[in-house]
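Secondary and tertiary structure notes
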Amino acid sequence: MGGWVGGQAEYVMVPYADFQLLKFPDKDLAMEKILDLTMLSDIFPTGFHGAYSAGVRPGSTVYIAGAGPVGLAAAHSAQLLGASVVIVGDLNPDRLAQARSFGCETIDLSKHDNLGEQIEQILGEPVVDAAVDCVGFEAHGHGHHHAQEAPATVLNSIMEVTQVGGKLGIPGLYVTGDPGGIDEDAKVGSLKIRFGLGWAKAHTFVTGQTPVMRYHRWLMNLILHEKAQIAKAVNATVISLDEAPKGYEEFDKGAAKKFVIDPHGLVKH
């Protein structure tokens, strides 16, 4: 954003560093928690924003669409916010296993095309209090259509399963231009969304880029005081800068990991 190039390097320029950077209060404690603290730069605030803006509160039942790093961060955030049940849906069995590793219920979306029925098997009712879209425009269909790109699938499905008056947190990325879109509408970010359903159910939609600085101090304190174990939740895996291309390849194939580049060996394995 803003025309500043590069973030995967040994050294980067940080514009407006005096405003943007978060100072850790104790260096020794920070170094002990540095793998977790690394997540403050992106996925932890993003996942937290999704859960927080969806109105998750103590006792909430929550559906998280997507078990990539942001989805896992949203699921852990929902737990921190007091959710009674967190359900994570994905097509990748390894990512679903990672979600189960810290107490989430899971749904394999490749097996069934009716999300409400799957939620009912877990909760006894086909709706949740809040839902978070951590997939975005690169979504695929459910059930027999899981191999087909369907950019509006997640938005339509979370409207179906969120209770009347509920909120939808949408940190998942949607764009105004997608040259690889499946049709002419998708190429300009025009999706076939059942907005009438959302209107009829009085849903609140919260979208847009995450305001990281709104949350990062809160989340830092949760980490430093051992209330949040975000690195464990997202399966943070340390690699060298030279290993970055391989890390991208593995991530593109759906690896259930969040790769952290550590060129100077600062992170304790």
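Residues numbered from 1 in each chain as written. Predicted model: local features only at pLDDT ≥ 70, side-chain atom pairs only at ≥ 80, totals over all residues. Heavy atoms only, no water.

A count of helical and extended segments in the protein gives 13 helices and 8 strands. In summary, the protein has a C-alpha radius of gyration of 19 Å against a globular reference of 18 Å for 269 residues, a match within 12%. Counting only C-alpha atoms, the protein reaches 50 × 40 × 35 Å along its principal axes. In the protein, buried positions account for 45% of the 269 residues. For the protein, the exposed surface amounts to about 14,500 Å²; the carbon and sulfur share of it is 52%. (Helix = DSSP H or I, 4+ residues; strand = E, 2+ residues; numbered from the N terminus. Rg over C-alpha atoms; globule rule 2.2 N^0.38 Å. Buried < 20%, exposed > 50% of the residue type's maximum accessible area, 1.4 Å probe, protein only. Areas by Shrake-Rupley, 256 points an atom, 1.4 Å probe, with all protein chains shown as cover.)

Axis separation between helix α4 (residues 43–53) and helix α5 (residues 69–80) bottoms out at 7 Å; the angle between their running directions is 60°. Taken as axis vectors, α4 and α5 run oblique relative to one another. As for the relative orientation of α4 and α5, their crossing is right-handed in sense. On α5, the residues that touch Ile43, Phe44, Thr46, Gly47, Phe48 and Ala51 of α4 are Pro69, Val70, Ala73, Ala74, Ser77, Ala78 and Leu80. Its residues placed into classes, the contact of α4 with α5 shows 10 nonpolar, 3 polar and no charged. (Axes fitted to C-alpha atoms, helices over the stretch in contact; angles between N-to-C directions. Parallel < 35°, antiparallel > 145°, perpendicular 65-115°, else oblique. Left-handed = near helix turned anticlockwise from the far one by under 90°. Contact = heavy atoms within 4.5 Å. Nonpolar A, V, L, I, M, F, W, Y, C, P; charged D, E, K, R; others polar.)

Next up on the list: the layout of surface pockets. In this structure, the second largest pocket spans a volume of roughly 190 Å³. For the second largest pocket, the full set of lining residues is Leu155, Met159, Ile170, Gly172, Tyr174, Ile193, Phe195, Phe205, Thr207 and Gly208. (1 Å grid on protein atoms, 1.4 Å probe; cavity = no way out; pocket = protein on both sides within 12 Å on 5 of 7 lines; lining within 4 Å. Points joined across faces, edges and corners; volume = space filled by probe spheres on them.)

Moving on: the state of the cysteines. In the structure shown here, the tally under the stated rule is 0 disulfides. Cys104 takes part in no disulfide bond, and the closest cysteine sulfur, belonging to Cys134, lies 11 Å away. (Disulfide = S-S within 2.5 Å.)

Take unusual backbone geometry next. Not every positive phi belongs to a glycine, and Ala202 is a case in point at roughly 55°. With respect to the helices and strands, Ala202 occurs in the loop between α10 (195–200) and β6 (204–207). The exposure class assigned to Ala202 is partly exposed, which follows from its relative accessible area of 48%.

Attention now moves to a nonpolar patch on the surface. Residues Ile193, Phe195, Trp199 and Phe205 make up a contiguous nonpolar surface patch of roughly 460 Å² in combined accessible area. Positionally, Ile193 belongs in the loop between α9 (184–187) and α10. When its relative accessible area of 36% is taken as the criterion, Ile193 is described as partly exposed. (Patch = residues over 30% accessible without salt bridge, like charges linked within 9 Å, V, L, I, M, F, W, Y side chains within 5 Å. Salt bridge = Lys/Arg side-chain N within 4 Å of Asp/Glu carboxyl O.)

Attention now goes to the sheet that holds strand β3 (residues 105–108). Paired through backbone hydrogen bonds, the strands of a sheet run either parallel or antiparallel to each other. Judged by pairing direction, the sheet is parallel, and its 6 strands sit side by side in the order β3-β2-β1-β4-β5-β6 without closing on themselves. Only two strands of the sheet have a single neighbouring strand rather than two, namely β3 and β6. Strand-to-strand twist in this sheet, taken as the mean axis angle between neighbours without regard to direction, amounts to 20°. (Pairing = 2+ DSSP bridges.)

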